[in-house]
Amino acid sequence: MSDNGPVQVRCPVLNVRRVDAYYAITVVAPGIAERFRSGQFVSVSVGGDHSSTLLRRPFAIHDVKPDYGGTVEFLFSVRGTGTAWLAERRSRDLLDVVGPLGRPFPLPRDPVNCVLVGGGSGSAPLFPLAQSLRRRGCRVDFVLGAASADRVFSAITARRVAETAVFTTDDGSFGTRGRVTDVLGRVIEEARSDVVYACGPMPMLRAVTAVAGTHGIPVQVSVEETMACGTGICMTCVVPVVGDDGITRMVRSCVDGPVFRGEQVRFDDVGSIPFDALGAPGWKGSSAARAAESARDIA
Amino acid sequence: MNADLRTRLGGLDLPNPVVTAAGCAGAGRELAQFFDVAQIGAVTTKSVMLEPHAGRPAPRMAETPSGMLSTTGMQGPGVDVFLQRDLPWLLSRGGRAIVSIAGAGVGEFGELARRVSDAEGVSAIEVNLSCANHADPAGRYFADDPAQAAAVVQTVRSHARSDLPVLAKLSADVPDVVDLAGACVAARADGLTMINTVRGMAVDSRTLRPAVAGGMGGLSGPALRPIAVGCVYRVHEALPDVPIIGVGGVRTGADVIEFMAAGASAVAVGTVNFSDPSACARVLREFTEALDARGIARARDLVGAAHRPGTGV
Ligand SMILES: Cc1cc2nc3c(=O)[nH]c(=O)nc-3n(C[C@H](O)[C@H](O)[C@H](O)COP(=O)(O)OP(=O)(O)OC[C@H]3O[C@@H](n4cnc5c(N)ncnc54)[C@H](O)[C@@H]3O)c2cc1C
Ligand SMILES: Cc1cc2nc3c(=O)[nH]c(=O)nc-3n(C[C@H](O)[C@H](O)[C@H](O)COP(=O)(O)O)c2cc1C
Ligand code: FES
């Protein structure tokens, strides 16, 4: 219905392949490809039209290409019923895909130094981001971490597109043993980074935000919260986020995110309703807060 | 042939019987990216409370077989913001608005009914009787007790503009849904919406913890449909003149036929909007095609067909 909003399409699978410990599916979806900006995701129906697995599965868009009119690739690991079903798709199967969803990573206006931090499959959206940043003349450095060597996604590509790429694994089977945050400070200093972009599990995002804070640079994080709709109508995907006006709101990570400024996400309060959040039990909103709320436009 | 899709809910005329379920379509704005919201019968807006509410903590959702459990806890901006921001948007797109209200107590329901009546362009008020009754320390629902439910409906009816239809939304989690329906109608509800989610739980077999924060959640989706159809059937049998919006697991045009045959005059699409953002438009199209294929000239002739022998095809 609109030119830049998401579309729902039944798209043919071009191919399904293994990439390290992951599966990559490429679908032909010109409408999604042409609207896509890095950081956005797709949601995919699993199990067929009358499946008992009702809800879509969200996946970050890993790549779009102009081939075949516009293809979209996403990457996943098998976690449960839905991803197991997806892993069995073959070329020419049809997938019902909605996208692109969510707010993209904001891009700097000027060429600055950017460090991109990914954990496990959270690395996927950082690759198109790296390309966009490079096109703007930004320096890009990668820090990728995972549990083990086979879960560090696309180390070769990271080395190719970035100025430097540092890897960490929990078991030490690849790169440095430890966490991404163990090496991030050093990378920020050596690369003279101006901004951090991060995607991965919530505890990682929290730790990365803390490191960026000690270096006094901003951080953009892409969060992962369970989502029933991905389109902003179910209110199941909320996280506590402080607005520019200083008011904490429970915002929808699917449409108000998944990308937020790290400092604005109240990581300590994820999974709870902070007492001072707008509309929390006992909340006594000022008239200014109410006015701000009604002026605020929803996505 | 093109079937006449018009339907009537008490004083409310709708161009067709497909509407959205409260809390499963926002105020129509997000779904409008996928289809024209003026095309469907009406948008039932998410239950609005008097004050802003932050809702329940995450995780708020767990998938279950053919359904989901949710605990959003009425998160919303409060009635003022809804009336200033969300309702005008829906009306500007030519959408018809059934405004769902949820009061923390009986008095709040009255206040909400008054404010919503003062707003222009509202088609009907739906009374959500399944929000926790704050006066009750056990957090029971108004719908749990027919007398309480009736008190709410009566308050809403007396505060709402007299020409605005008031629909009572019932829960199936009660000893007898017919008793509850009867109490609401006696309190001058113009119609009934049934059903709301049913209380349920899922335990994560890995963490051995409840899958949604707070333990219990509301079950919705196709898993619920036989329960909902059963409620509609029984209530239509007992109160054949009372219009009903059937809700619970509607996924296809055939499901609309099922609900209407059981006694519903309109049918709401809920959880399936999450899995298929075009669902309302698709369901309406499938329903229309099914009527044409069977040579049924008027959708409203279906209402209650399951109660009459020999009307099937
Ligand atoms: C914005 C976003 C982007 C994502 N991008 C990727 C990606 O690029 N690659 C990738 O491998 N994974 C990604 N995930 C996680 C991915 O959605 C889950 O792994 C997937 O939904 C699991 O589905 P399942 O049927 O195999 O698991 P099940 O456990 O059977 O799923 C049951 C339900 O829980 C939900 N769920 C389960 N795990 C998660 C999770 N980690 N996050 C959110 N919901 C979950 C499912 O969507 C489903 O509704 C992303 C999640 C979000 C929110
Ligand atoms: C996430 C979610 C939020 C809901 N919010 C409301 C609400 O605000 N008011 C209400 O009356 N019902 C609410 N419902 C119940 C639905 O309107 C509907 O009655 C129920 O989900 C059954 O229909 P379905 O199976 O088609 O979803 C909600 C349901 C879900 C899943
Ligand atoms: S997933 Fe439904 S509002 Fe975000």
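Residues numbered from 1 in each chain as written. Chains lettered and ligands numbered in written order. Predicted model: local features only at pLDDT ≥ 70, side-chain atom pairs only at ≥ 80, totals over all residues. Heavy atoms only, no water.

### Quick word on the environment of P58 of chain A
For the record, the criterion: Numbered from the N terminus, helices here are DSSP runs of H or I no shorter than four residues, and strands are runs of E no shorter than two. We call two residues in contact whenever any of their non-hydrogen atoms come within 4.5 Å of each other.
For P58 of chain A, the position within the fold is in strand β4 (residues 57-65). The residues contacting P58 of chain A, other than those within four sequence positions of it, are F41, V42, S43 and M227 of chain A.

### Quick notes on the site of ligand 1
All names here are of chain A. Quick reminder of the rule: Any residue with a non-hydrogen atom lying within 4 Å of a molecule or strand is treated as near it. Pairs of N or O atoms are called polar contacts if they sit within 3.5 Å, as long as, within protein, a hydrogen donor faces a hydrogen acceptor (for residues adjacent in sequence, only side-chain-to-side-chain pairs). Under the convention used here, a 1.4 Å probe and the Shrake-Rupley method define accessible areas, while residue burial counts only the protein chains that appear. The classification used treats Ala, Val, Leu, Ile, Met, Phe, Trp, Tyr, Cys and Pro as nonpolar, Asp, Glu, Lys and Arg as charged, and all other residues, Gly among them, as polar. Domain delimitation follows an automatic or database domain assignment.
As a structural note, the neighbourhood of ligand 1 is formed by 18 residues, with P58, L75, G80, G82 and T83 the closest of them. Contact between ligand 1 and R79: a nitrogen atom at 2.9 Å from a side-chain N or O atom of the residue. One nitrogen or oxygen atom from the side chain of T83 is found 2.3 Å from an oxygen atom belonging to ligand 1. Isolated, ligand 1 exposes 820 Å² of accessible area, and the fraction of that covered by the protein chains is 85%. Here the shell around ligand 1 gets 4 residues from one element, more than from any other, and that element is β4. Its residues placed into classes, the shell around ligand 1 shows 6 nonpolar, 7 polar and 5 charged. Per-domain counts for the shell around ligand 1 show at least three residues from each of domain 1 (5-99) and domain 3 (225-284).

### Side note on the UniProt feature "domain: FAD-binding FR-type" (unreviewed entry) in chain A
Threshold: UniProt positions are given in the numbering used here, feature names are shortened, and annotations may be inferred rather than shown by experiment.
In this numbering, the UniProt entry assigns the feature "domain: FAD-binding FR-type" (unreviewed entry) to residues 6-107 of chain A. Helix makes up 13% of residues 6-107 of chain A and strand 46%, whereas the separation of the span's terminal C-alpha atoms amounts to 20 Å.

### As for the interface of chain A and chain B
Selection rule: By salt bridge we mean one thing: a side-chain nitrogen of Lys or Arg within 4 Å of a carboxyl oxygen of Asp or Glu.
Contacts between the two partners involve 45 residues from chain A and, on the opposite side, 48 residues from chain B. Across the salt bridge formed by R57 of chain A and E63 of chain B, the nearest N and O atoms sit 2.8 Å from each other. The greatest single-element share of the side of chain A that touches chain B, amounting to 3 residues, is contributed by helix α7 (residues 287-295) of chain A.

### As for the UniProt feature "active site" (unreviewed entry) in chain B
Mapped onto this structure's residue numbering, the UniProt feature "active site" (unreviewed entry) falls at C131 of chain B. Leave out the neighbours within four places in its chain, and C131 of chain B touches M74, A102, G103, F109, R140, Y141 and F142 of chain B.

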